[in-house]
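A closer look at the structure
Each chain, written out:
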Amino acid sequence: MAHIHYKFSSKLSYDTVVFDGPNISLTDLKKQIMGREKLRAGDCDLQIINAQTKEEDGGHIPKGSSVIVRRIPLIGAKSSSNSKTNHKYVCF
Amino acid sequence: MAAKRKADAMVPAEESDQLLIRPLGAGQEVGRSCIILEFKGRKIMLDCGIHPGLEGMDALPYIDLIDPAEIDLLLISHFHLDHCGALPWFLQKTSFKGRTFMTHATKAIYRWLLSDYVKVSNISADDMLYTETDLEDSMEKIETINFHEVKEVAGIKFWCYHAGHVLGAAMFMIEIAGVKLLYTGDFSRQEDRHLMAAEIPSVKPDILITESTYGTHIHEKREEREARFCNTVHDIVNREGRCLIPVFALGRAQELLLILDEYWQNHPELHDIPIYYASSLARKCMAVYQTYINAMNDKIRKAINVNNPFVFKHISNLKSMDHFDDIGPSVVMASPGMMQSGLSRELFESWCTDKRNGVIIAGYCVEGTLAKHIMTEPEEITTMSGQKLPLKMSVDYISFSAHTDYQQTSEFIRALKPPHVILVHGEQNEMARLKAALIREYEDNDEVHIEVHNPRNTEAVTLTFRGEKLAKVMGALADKKCAQDQRVSGILVKRNFNYHIMTPADLSNYTDLSVGMVTQTQAIPFTGPISLLVSQLRNLAGDVQQVEKTEKITVKIFESITLVHEAGMVLLEWVANPLNDMYADAVATVVLEVQSNPNAQKCQKETFDMEVFVERLELMMHDMFGDDCVNFKDSRNLFVTVDGATATIDPETRAVTCPDDEPLREMIEVAIHRLFEALTPVF
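Going by an unreviewed UniProt entry, chain B carries the name Cleavage and polyadenylation specificity factor subunit 3 and comes from Xiphophorus couchianus. Under the Sequence similarities (unreviewed entry) heading, UniProt states for chain B: "Belongs to the metallo-beta-lactamase superfamily. RNA-metabolizing metallo-beta-lactamase-like family. CPSF3 subfamily." Under Cofactor (unreviewed entry), UniProt gives the following word-for-word description of chain B: "Zn(2+)".

Looking at an unreviewed UniProt entry, chain A carries the name DWNN domain-containing protein, with the source organism given as Xiphophorus couchianus. In UniProt, chain A has this text filed under Subcellular location (unreviewed entry): "Nucleus".

1. Points about empty space enclosed by the protein
All names here are of chain B. All told, the structure shown has eight cavities of 30 Å³ or more when counted by the stated rule. In terms of lining residues, the largest cavity is bounded by 17 residues, among which Q190, R225, R252, F400 and A402 are the most central. Considered class by class, the residues forming the lining of the largest cavity number three nonpolar, seven polar and seven charged. Here the lining of the largest cavity gathers at least three residues from each of two domains, domain 1 (16–217 + 403–464) and domain 2 (222–397).

2. Concerning the packing of helix α5 (residues 222–238) of chain B against helix α6 (residues 252–266) of chain B
Residues and elements named next belong to chain B. Running from amino to carboxyl end, α5 crosses α6 at an angle of 65 degrees, the nearest separation of the two axes being 11 Å. On the basis of their axis angle, the class for α5 and α6 is roughly perpendicular. The hand of the α5/α6 crossing is right-handed. The segment α5 lies against α6, with E226, F229, C230, N231, V233 and H234 engaging E255, L256, I259, L260, Y263 and W264. The residue inventory of the contact of α5 with α6, partitioned by class, reads eight nonpolar, two polar and two charged.

3. Remarks on the pairing of strand β30 (residues 569–575) of chain B
All names here are of chain B. Covered by surrounding structure in β30 are V570, L572 and W574 only, the residues M569, L571, E573 and V575 on the alternate face being uncovered. Both strand β26 (residues 519–525) and β30 contribute to a ladder of seven bridges, which runs antiparallel. Bridge pairing in β30 links Q522 to L572. Two strands pair when backbone bridges link them, and strand β29 (residues 561–566) and β30 are joined in this way by five bridges, in the antiparallel orientation. Considered in β30, the bridge of H565 is made with V570. Where β29 hands over to β30, the hairpin turn is made up of two residues, of which G568 adopts a positive phi near 75 degrees.

4. Here's the deal with the sheet that holds strand β8 (residues 156–162) of chain B
Residue and element names in this part refer to chain B. If you trace the seven strands from one edge of the open sheet to the other, you get β7-β8-β9-β10-β11-β20-β21, paired in mixed fashion. A single partner strand is all that each edge strand has here, and the edge strands are β7 (151–153) and β21 (451–453). Each adjacent strand pair in this sheet contributes to an overall mean axis angle of 20 degrees, direction not counted. Pairing of β8 with strand β9 (residues 170–176) involves six bridges; the strand directions are antiparallel. Bridging from a neighbouring strand, W159 pairs with M173 of β9. Contacts between helix α12 (residues 428–442) and the sheet are confined to β20 (420–424) and β21, with β20 contributing the most and set at about 160 degrees to the helix.

5. Looking at the packing of helix α14 (residues 530–541) of chain B against helix α15 (residues 578–596) of chain B
All names here are of chain B. The N-to-C vectors of α14 and α15 enclose an angle of 135 degrees; their axes lie 10 Å apart at closest approach. Compared by their axis directions, α14 and α15 come out oblique. By crossing handedness, the relation of α14 to α15 is classed as right-handed. On the side of α14, the interface is formed by L532, L533, Q536, L537 and L540, while α15 contributes A586, V587, V590, V591 and V594.

6. Some thoughts on the environment of T680(B)
Residues and elements named next belong to chain B. Within the secondary structure, T680 sits in the segment after α18 (662–679). Here T680 falls in the partly exposed class, since its relative accessible area comes to 28%. Placed 465 residues apart in sequence, T680 and G215 show a C-alpha to C-alpha distance of 101 Å.

7. Here we look at the pairing of strand β5 (residues 99–103) of chain B
In summary, the side chains of a regular strand alternate between the two faces of the sheet. Residue and element names in this part refer to chain B. A large share of β5 lies buried, amounting to four of its five residues. Relative to β5, strand β4 (residues 73–75) runs parallel, the two being bridged by three bridges. When the bridges of β5 are listed, L74 appears paired with T100.

8. Considering the nonpolar core
Residues and elements named next belong to chain B. Counting 159 residues, the largest nonpolar core has I21, M45, I174, F229 and I245 as its most contacted members. When sequence neighbours within four positions are dropped, the list of residues in contact with I21 reads I35, I36, L37, L181, I207, I209, I422, E459, A460, V461 and L463. Judged by nonpolar contacts, the second largest core, of 25 residues, contains F324, L343, L389 and V395.

9. Looking at the pattern of salt bridges
Residue and element names in this part refer to chain B. All told, the structure shown has 27 salt bridges over all chains when counted by the stated rule. The salt bridge partner of R466 is D17, with a shortest N-O separation of 3.9 Å. Of this pair, R466 sits in the loop between β22 (461–464) and β23 (471–473) while D17 is found in the segment before β1 (18–25), placing the two residues 449 residues apart along the sequence. In this structure D17 comes out as partly exposed when scored by relative accessible area, which is 24%. Between E262 and R193 there is a salt bridge, and its shortest N-O distance comes to 2.5 Å. Note that E262 is positioned in helix α6 and R193 in the loop between β10 (179–183) and β11 (207–211), a separation of 69 residues in sequence. A network of salt bridges, in which partner residues are shared, links R193, R222, E226 and E262.

Basis of the calculations
- Residues numbered from 1 in each chain as written.
- Chains lettered and ligands numbered in written order.
- Predicted model: local features only at pLDDT ≥ 70, side-chain atom pairs only at ≥ 80, totals over all residues.
- Heavy atoms only, no water.
- UniProt positions renumbered as here; feature names shortened; annotations may be inferred.
- 1 Å grid on protein atoms, 1.4 Å probe; cavity = no way out; pocket = protein on both sides within 12 Å on 5 of 7 lines; lining within 4 Å.
- Points joined across faces, edges and corners; volume = space filled by probe spheres on them.
- Nonpolar A, V, L, I, M, F, W, Y, C, P; charged D, E, K, R; others polar.
- Domains from an automatic or database assignment.
- Axes fitted to C-alpha atoms, helices over the stretch in contact; angles between N-to-C directions.
- Helix = DSSP H or I, 4+ residues; strand = E, 2+ residues; numbered from the N terminus.
- Parallel < 35°, antiparallel > 145°, perpendicular 65-115°, else oblique.
- Left-handed = near helix turned anticlockwise from the far one by under 90°.
- Contact = heavy atoms within 4.5 Å.
- Buried < 20%, exposed > 50% of the residue type's maximum accessible area, 1.4 Å probe, protein only.
- Pairing = 2+ DSSP bridges.
- Core = buried A, V, L, I, M, F, W, Y, C linked by side-chain atoms within 4.5 Å.
- Salt bridge = Lys/Arg side-chain N within 4 Å of Asp/Glu carboxyl O.

Next up, the structure:
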């Protein structure tokens with residue numbers, strides 16, 4: 001089982017993503033992180049940055065790496081709100 | 001990596017003229033208000049809300065684009081979830097270490113509002129952004145501010161005005177280095193039964209950040225709206241129906257309760273029909289409302305002396321469905337406001353199939369929610385359990401949400417004329433329409449220039465403010481009137497963004513700084529006669545003053561070094577500065593010389609011996625040109641003959657003349673000068 005440690009830039013601690021193989025593709029990593037953090041809204045994307053080099057990671061990230069994650073808005077996507085979700089407090 | 005901008009290497013952030021405004025939420029949307037302001041190295045966050053239409057991390061503003069540890073100040077405008085819902089998370093789960101401020105009423109209500117939010121959230125505990133404990137722990141980090149009270153944090157001056165909208169809502173005016181920015185939060189320029197209208201600040205801001213929820217809409221008149229509301233309620237109960245008003249427990253609900261109570265009071269025929277205010281929070285919230293009367297308008301404050309208007313005559317509290325006997329027509333104001341779950345949803349589902357019943361939507365609804373959905377008058381709705389029910393009850397939308405409309409916003413801007421307006425907290429299209437309308441208002445106006453911006457989330461608006469640096473001359477320097485081109489010099493004192501110029505003597509009057517003086521003292525062992533030392537010092541400095549009326553022999557050398565003759569030593573004293581230090585060094589050397597050189601101690605002033613000089617001169621000439629070259633023609637001059645040329649030397653003046661041979665003359669002259677200098681005692 002291979003691990004990658006990720007931390008959201010604004011948060012204080014690292015979490016882990018587990019996968020098979022020597023590395024994981026950027027898209028799969030994003031999907032895994034979004035799944036773990038329950039990020040369902042269609043209007044946000046993740047920016048993955050190598051924790052050591054502070055540069056954006058390329059297509060494949062090797063196991064054992066530490067990355068910093070940033071939630072950013074998806075350019076061009078309309079903001080969505082699910083009618084399934086909890087809207088009790090919306091009227092203001 | 002466009003988001004994190006490093007300061008320009010040439011200009012440090014503190015001196016830069018760039019002012020940056022970046023919404024991390026509520027940029028071209030409604031929800032998760034969070035606006036970052038950066039200027040002169042200071043970073044301020046305005047509001048920290050969650051998006052009510054989203055859950056978990058999705059609901060947060062894009063906080064990852066900033067470093068929480070760099071935020072100096074966080075200001076919360078009011079207690080609605082989309083302005084403070086992320087505060088416990090931000091305070092407890094990030095590296096934020098700045099100061100947080102809100103008004104007293106906001107803090108009190110924030111406590112119970114968010115507590116209720118945590119309780120009724122039906123997502124699992126793991127997915128919750130924060131817990132009740134986080135909320136409790138966050139309370140001590142939040143500081144309170146009174147309306148119109150000026151506070152200063154890290155060189156940032158700020159104060160707040162009444163914003164109307166809800167109890168305790170504030171508009172914050174922020175001043176950094178003379179540049180003023182007004183953040184309205186959510187505001188309303190219309191007074192209602194318990195809240196005052198938003199104030200128009202007497203100080204004009206350079207930048208206005210304003211909400212744009214209702215864009216270019218114009219609200220119906222207050223009396224018309226209230227009449228329509230009361231009539232709708234009356235009609236529903238008249239036809240034996242139940243009237244459901246889903247509202248959030250705190251906020252506009254209190255206004256509706258006041259309206260209904262008054263209407264019932266004026267309509268005795270309705271006194272048998274109960275009005276219920278259903279919320280587990282009700283009692284706590286009403287207690288808060290009754291406490292913060294001085295954040296409300298004059299009418300209520302006067303009324304409170306007679307009797308408490310929030311003690312209702314015709315409205316009862318309802319904790320849950322179990323307490324509710326659903327017999328006959330009634331009016332129920334139930335939270336939660338969007339009917340997704342809880343009491344208002346239960347009631348909705350049990351009443352929606354009867355056409356006598358009615359629901360009144362009394363607030364602003366976000367796209368994609370059930371309340372928004374039923375306003376489109378669908379045939380059926382889906383219950384919480386998935387069952388489909390026909391929607392027969394009437395649906396009315398009467399908004400009491402106390403946001404500014406186009407008329408109010410336009411008037412507000414006209415009164416302040418801010419050169420820059422930033423629109424936030426509005427759905428994309430509404431905001432665009434408002435922007436266009438505002439630009440149109442001022443496009444033909446030559447005197448007033450207003451730039452309108454509507455940034456998306458994470459998009460920054462950069463403005464430049466060339467500040468004039470003003471330095472105030474204080475104290476003695478200010479006594480004389482000064483003329484153009486006159487040179488003024490003094491010490492420049494900078495405190496935050498204020499500059500003052502004053503003389504060093506005035507420093508203690510106007511600042512906490514004081515001027516100090518360093519005096520050096522040196523003791524050198526000296527056992528010789530002081531008179532010898534003084535005479536040597538006279539040779540050195542020339543200027544040696546005897547200081548009168550002292551016990552011990554004291555002299556002042558170079559007008560700055562004091563030398564006192566003590567037993568077995570001399571004490572040098574002087575005020576430390578580079579010049580005096582050098583003089584002191586020279587004096588110390590002389591003392592040490594006289595002390596250590598036994599010859600110097602004994603011998604008196606040496607005189608230049610002419611005889612010895614002539615003797616030596618003759619000897620030198622012999623050495624240079626041979627034994628026979630020198631002869632004396634007269635008692636005064638020397639004659640040196642070399643190869644037929646004769647040079648005349650006058651020992652007194654050391655002048656050498658030789659008409660025949662110039663090189664010879666030069667040679668002898670140099671030699672004589674060298675000899676003289678070698679023999680002359682060094683002074």
